[in-house]
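# Understanding the architecture of this molecule
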Amino acid sequence: MRGRTDAGGTNSCDLEPIHIPGSIQPHGLMLIGDENTLECVGQAGDVATVFGVWQPNTTLSQMLGIDLRKRLAEISVGSVTVLGRVHARTGELNAVAYRSGGYVIVELDKAEDEQIEAVPFLVRLDAASSRFERTGSVAELCQAAASAFQDITGYDRVMVYQFVDEDAGVVVGESTSASMPRFLNHHFPASDIPRQARALYIRNRVRVIPDVAYCPWAIEGKVDLSKLDLSDSTIRSVSPIHIQYLKN
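Summarised in this report is the structure supplied together with it. (Residues numbered from 1 in each chain as written. Predicted model: local features only at pLDDT ≥ 70, side-chain atom pairs only at ≥ 80, totals over all residues. Heavy atoms only, no water.)

## Quick word on the overall build of the protein chain
When helices and strands are tallied, the protein chain shows 6 helices and 11 strands. The C-alpha radius of gyration computed for the protein chain amounts to 20 Å, which stays within 12% of the reference 18 Å derived for 248 residues, consistent with globular compactness. Taken over the C-alpha atoms alone, the protein chain extends approximately 55 × 55 × 35 Å along its principal axes. For the protein chain, the residues scored as buried account for 39% of the 248 residues in total. Contacts in the protein chain between residues at least 24 apart in sequence constitute 55% of all its contacts with a sequence separation of at least 6. In the structure as shown, the protein chain presents an accessible area of about 14,000 Å², 54% of it carried by carbon and sulfur atoms. Taken together, the 23 basic and 31 acidic charged side chains of the protein chain have centroids lying 1 Å from each other. (Helix = DSSP H or I, 4+ residues; strand = E, 2+ residues; numbered from the N terminus. Rg over C-alpha atoms; globule rule 2.2 N^0.38 Å. Buried < 20%, exposed > 50% of the residue type's maximum accessible area, 1.4 Å probe, protein only. Contact = heavy atoms within 4.5 Å. Areas by Shrake-Rupley, 256 points an atom, 1.4 Å probe, with all protein chains shown as cover. Lys, Arg positive; Asp, Glu negative; His and termini not counted. Charge placed at Lys NZ, Arg CZ, Asp CG, Glu CD.)

## Things to note about helix H5 (residues 195-203)
By the burial criterion, the buried members of H5 are Gln196, Ala197, Arg198 and Leu200. Elements in contact with the buried residues of H5: strand S7 (157-163).

## Some remarks on the sheet that holds S7
Pairing within the open sheet is antiparallel, and its 3 strands lie in the order S7-S8-S9. The sheet is open, and its two borders are formed by S7 and strand S9 (187-188), each paired with just one other strand. Pairing geometry for S7 and strand S8 (residues 169-176), over 7 bridges, is antiparallel. Bridging across to S8, Val158 finds its partner in Ser175. (Pairing = 2+ DSSP bridges.)

## Thoughts on the side chain of Gln43
Residue placement: Gln43 occurs in strand S3 (residues 40-44). Setting aside its immediate chain neighbours within four residues, Gln43 contacts Met30, Leu31, Ile32, Trp54, Ala218, Ile219 and Glu220.

## What about the nonpolar core?
Inside soluble globular proteins, nonpolar side chains tend to come together where they are buried. Counting 24 residues, the largest nonpolar core has Leu31, Phe51, Leu64, Leu68, Leu83, Val106 and Leu108 as the members making the most contacts within it. Elements with a contribution of two residues or more to this core: strand S2 (28-34), helix H1 (47-51), helix H2 (60-64), strand S4 (81-88), strand S5 (91-100) and strand S6 (103-110). The contact partners of Leu31, leaving out residues within four places of it in the chain, are Gly42, Gln43, Val47, Phe51, Leu60, Met63, Leu64, Val104, Ile105, Val106 and Leu108. Ranked by size, the runner-up nonpolar core spans 13 residues in total, among them Val41, Ala44, Ile219 and Leu228. (Core = buried A, V, L, I, M, F, W, Y, C linked by side-chain atoms within 4.5 Å.)

Laid out in structure tokens, this is it:
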């Protein structure tokens, strides 16, 4: 993710405002509502196909079929609140929400065919916790964590990445499918993950990029949303520099 360095020695990656990309990844949808009235003032993704064209003064509650007034106290800046499943024209969707800049933002993506049953899932978490307790070192713990997370999510690759001296990084735990190359113990310079990206990783622990060849879907609104802070977003569009880095 190394960017060019200007005459003053500043890496251009460090200057990129990755928290305000103005777009989302197309596997999800975004609805933006005024936090006082909950009126829909913006959107991103193929909302018209999934929900239909919303009329003036339509609220988030009407779009989702959820009384968000009763949930507003749970929705805050800096964390994501799970709203659960909502029904749309195209099927069931998972919905989460958070606040940013005077707005309530709801993000949705296609729900799994069968709802996750609580008891089996909790048993798997308990088994993972037991594995963690049996580890004898931080290295073993990181490896066990990567393996457990891959088992729960089904991801092709899970890495535990540690920031070390001068903001460089090293992969200290990894679990992959058989065909994937390995990066365990590989070291990376600080320029590979610039300062603002490190800050977002600390604030928002989950980052999903299903397809590095995606085309971003721009945020549209009745108001100016060009500076909307998406630090807490789960479907925030990714820096073009980072996409090229992943392709490389």
